[in-house]
Amino acid sequence: MNRRIRELSARFGMPTDVLGRLEALEEQETVFVGTPEVMSFDAVRPMRRGIRFARIYPYSLKPTTFGMQVLGGQATRNLVELTDEQAKLLINGGSLNVKADVDNGFVLLKWQGLVVGVGFYKRPVLKSQIPRFRSVE
Amino acid sequence: MLRRRFPKAFIERYSQFIPDFDAFLDAMQRPLRRTFRVNTHKATRDKVLELMSDLKPEPLPWFELGFSMPENGDSPSEREDARYGPHFPNLGKRIEHFVGLIYVQEAASMVPPLLLQPQPGERVLDIAAAPGSKTTEMSAMMQNTGLVISNDPSPTRVRGLIGNVDRAGCLNVAVCRMDGAALGRAVAGTCDRVLVDAPCSSEGTIRKSAQALDRWSVATIARFPSIQKRLIAAGYLALKPGGSMVYSTCTVAPEENESVVTHLLERYPEAEVGTAEIPGLKMRPGLSEWGRESFPEAVGRCRRILPQDNDTEPFFLALIRKPVGNSELRSSDLQ
């Protein structure tokens, strides 16, 4: 398994075979995840294969909101459950003061039982890492 | 009611062959219902209905994952000039949209993938894909397996396509930015299914944009058939023997529809036109002639969705099959 995937699986308590039959690809400081057919497609050079799963920084690995929305459902730790109002605030780019039983660092944000994105927790501040496209009401 | 002024040429052209023409004009002046599709990559139908129960979405009678929104306003007479205003909920600002549980998509635009029926594990080409509504629909139908090659030549439109593929959680999509004809040659003979949802004069969008009617002209229509003919031929070339293709547009003009299918049948006489049916959705047969042009009998198996029949945009659909045993590529195809 890709060591980046292993690192994120460990942080979020995901099974070691979180990818199942999916494959990972590292390109341009990014980890992409997709089906084997997507990863092996070579008739032309695609602009994008699958979805972005994580960004690679010199001293950290940042999970992406869209990657975690798909695979984060298997996570068992470093999760923060949000109310409707908290979810809207964070999706709109805000931050919250919360007491959460999580490690400092990247956490997964859950709303209504679904992973909606990624936050960064530095006790007691939970800051949104969700990309902002448009406001949510 | 807000009366739109349809150009004289528009009325002269389309009153010739559109049945119930007054009902057609009437429907083209009514604002389009807001509709969405449940994205099964992210949530079940029941979960979405539970989360959106405040809006009381109504199921489309012909697609279990498609829903339309009732108006917010009480007075039907206000609907005519409300457009997408306060009488229709703004689905794009819902959390469910942001998270990708739903995809806001016009009802008729959900039909081409339903007709194409991509299956799990297959290789599918969406040759003119942006902004990605049909790519994401097909990806979900394939249960995030196999490969959807999703292409658009425009740098700006392909960015939106990638954004929608990300939001919908499509793990089986490779996004390309190429000329569609060149891509068809590059993957010649390898695709189980192909969708050619061709760029068109977009007469169908008149229901959601008054500007679309302002821009309408016969000269605008004349700009599209050449690219449409290139794309339908490229899509056919990409098919495996035994594979299926859907050609679709959101426009009414026969030059962009029946004439394009006729062009394909002239170039590839072995191509078969299937009968396009979706239970519960009313569709009309393709035309047999337009102006001085007579179309082959098979073109009558194409289908037209008219706005008065199902309260959607107008749409055109052709289901085409490449026969088994037709595996030879002509050298001229690859040039």
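Residues numbered from 1 in each chain as written. Chains lettered and ligands numbered in written order. Predicted model: local features only at pLDDT ≥ 70, side-chain atom pairs only at ≥ 80, totals over all residues. Heavy atoms only, no water.

Observations regarding the packing of aromatic side chains
All names here are of chain B. Cut-off, in case you're wondering: Aromatic contacts are taken between Phe, Tyr and Trp rings whose centres are within 6.5 Å, Trp giving its six-membered ring; a plane angle under 30 degrees counts as stacked, one over 60 as edge-to-face, and the others as tilted. Secondary structure follows DSSP: runs of H or I at least 4 residues long count as helices, runs of E at least 2 residues long count as strands, and numbering of each begins at the N terminus. With a 1.4 Å probe rolled over the protein chains alone, any residue whose accessible area is under 20% of its type maximum counts as buried; one over 50% counts as exposed, and the rest are partly exposed. Each ring is checked for a lysine NZ or an arginine CZ that lies within 6 Å of its centre and within 35 degrees of its normal; such an atom marks a charge sitting over the ring.
One pass over the structure, following the stated rule, counts 12 aromatic pairs over all chains. Measuring from centroid to centroid gives 5.3 Å for F10 and W216, while their planes differ by 75°, and the two rings are edge-to-face. Linking F10 in helix α1 (residues 8-14) with W216 in the loop between α9 (210-214) and α10 (218-222), this pair joins segments that are 206 residues apart in sequence. Here W62 and F63 contribute two aromatic rings whose centre-to-centre distance is 6.5 Å and whose plane-to-plane angle is 15°, an arrangement assigned as stacked. You'll find W62 and F63 in the same group, each marked buried. Within the aromatic cluster, the residues linked to one another by ring pairs are F6, F10, Y14, F17, F21, F24, W216 and W290. For the cation-ring pair, R167 lies above Y103, with the distance from its terminal atom to the ring centre recorded as 5.5 Å. Stacked on the ring of Y236, the Lys or Arg K322 has its end atom at 4.9 Å from the ring centre.

Structural notes on the nonpolar core
Note the cut-off: What is meant by a nonpolar core is a set of buried Ala, Val, Leu, Ile, Met, Phe, Trp, Tyr and Cys residues, joined one to another through side-chain atoms within 4.5 Å. Residues are treated as being in contact if the distance between any of their heavy atoms lies within 4.5 Å.
In terms of nonpolar packing, the biggest core is built from 69 residues, with L82, L109 and L126 of chain A together with F36 and W62 of chain B touching the most fellow members. Broken down by element, this core gets its largest block of residues, five residues, from helix α7 (residues 155-168) of chain B. Ignoring sequence-local partners within four residues, the contact set of L109 of chain A consists of V80, L82, L90, L114, V115, V116, G117, V118, G119, L126 and I130 of chain A.

Quick notes on the pattern of salt bridges
Which entries qualify depends on this criterion: Salt bridges are defined as contacts in which a side-chain nitrogen from Lys or Arg sits within 4 Å of a carboxyl oxygen from Asp or Glu.
Using the criterion set out here, one finds 22 salt bridges over all chains in the structure. D166 of chain B is the salt-bridge partner of R48 of chain A, the closest N and O atoms lying 2.7 Å from each other. Residue R48 of chain A is located in strand β3 (residues 48-49), and its partner D166 of chain B is located in helix α7; the two belong to separate chains. Note on D166 of chain B: relative accessible area 6%, which makes it buried. Linking D309 of chain B and R284 of chain B is a salt bridge whose minimum nitrogen-to-oxygen distance equals 2.8 Å. Taken together, the residues span a long stretch of sequence, with D309 of chain B in helix α13 (residues 307-310) and R284 of chain B in strand β11 (residues 284-285) at a distance of 25 residues. You'll find D309 of chain B and R284 of chain B in the same group, each marked buried.

Some remarks on the sheet that holds strand β1 (residues 35-38) of chain B
Residue and element names in this part refer to chain B. Stated precisely, the cut-off is as follows: Two strands pair if DSSP finds at least two bridges between them. Between the N-to-C directions of two axes lies an angle of 0 to 180 degrees, each axis being a line fitted to C-alpha atoms and, for a helix, fitted only over the stretch in contact.
Taken together, four strands build an open sheet; the order of strands is β2-β3-β1-β4 and the sheet is antiparallel. Strand pairing shows two members of the sheet lacking a second neighbour, β2 (58-60) and β4 (102-104), which therefore form its edges. Geometrically, the sheet is characterised by an average inter-axis angle of 40° between neighbouring strands, direction not taken into account. The pairing of β2 with strand β3 (residues 63-68) spans three bridges and is antiparallel. Within β3, the position partnered with L60 by the bridge is F63. Against the sheet, helix α6 (residues 133-141) makes contact with β1, β3 and β4, and its axis sits at roughly 30° relative to β1, the strand it touches most.

Here we look at the domain arrangement of chain B
Residue and element names in this part refer to chain B. Basically, it comes down to this: Residue ranges assigned to each domain were obtained from an automatic or database domain assignment. The quantity reported as buried area is the accessible area (1.4 Å probe) lost by two parts once they are put together, taken as the sum for both.
Taken domain by domain, chain B holds domain 1 (33-104) and domain 2 (108-324). In this structure, domain 1 and domain 2 have C-alpha centres spaced 25 Å apart. Between domain 1 and domain 2, the residue contacts involve 21 residues of the former and 29 residues of the latter. Summed over both sides, the interface between domain 1 and domain 2 buries roughly 1800 Å², with carbon and sulfur atoms accounting for 54% of that surface. The three residues of domain 1 that bury the most area against domain 2 are H41, W62 and Y103, which together make up 43% of that side's buried surface. Summed over the shared surface of domain 1 and domain 2, the number is two salt bridges.

Remarks on the domain arrangement of chain A
Residue and element names in this part refer to chain A. Stated formally: We call two N or O atoms a polar contact when they sit within 3.5 Å, provided that within protein one can donate a hydrogen and the other can accept it, with sequence-adjacent residues counted only if both atoms are side-chain atoms.
Domain boundaries in chain A define domain 1 (1-75) and domain 2 (78-130). Each of domain 1 and domain 2 has a C-alpha centre, and the two are 21 Å apart. For the pair domain 1 and domain 2, the summed buried area comes to about 1100 Å², and 60% of that belongs to carbon and sulfur atoms. At the boundary of domain 1 and domain 2, one finds zero salt bridges. Linking domain 1 to domain 2 there are seven residue pairs in polar contact (both at pLDDT 80 or more). The set of elements that each furnish at least two residues to the side of domain 1 that touches domain 2 consists of α1 (3-12), β5 (60-63) and α3 (65-71).

Digging into the interface of chain A and chain B
Where interface size is quoted, it is often the accessible area lost as the parts come together. On the chain B side, the residues contacting the 36 residues of chain A number 37 residues. Interface of chain A and chain B: buried area, both sides summed, is about 3000 Å²; carbon and sulfur atoms make up 71% of it. Interface area lost by chain A to chain B is led by F41, M47 and R48 of chain A, which between them contribute 20%. Put simply, chain A and chain B have one salt bridge between them.

Some details on the sheet that holds strand β8 (residues 105-111) of chain A
Residue and element names in this part refer to chain A. The sheet built from five strands is open, its strands ordered β6-β8-β9-β10-β7 with mixed pairing. The open sheet has two edge strands with one neighbour each: β6 (79-82) and β7 (95-97). Taking each pair of neighbouring strands and ignoring which way they run, the sheet shows an average axis angle of 35°. Relative to strand β10 (residues 125-128), β7 is paired through three bridges, and the arrangement is antiparallel. Within β10, the position partnered with N97 by the bridge is V125.

With respect to the confidence of the model for chain B
As a reminder, the rule being used: Confidence per residue, as judged by the predictor, is encoded in pLDDT with a range of 0 to 100.
Taken as a whole, chain B shows an average pLDDT of 91; of its residues, 90% reach a score of 70 or greater. Prediction confidence for the complex, expressed as pTM and ipTM, is 0.93 and 0.94 respectively.

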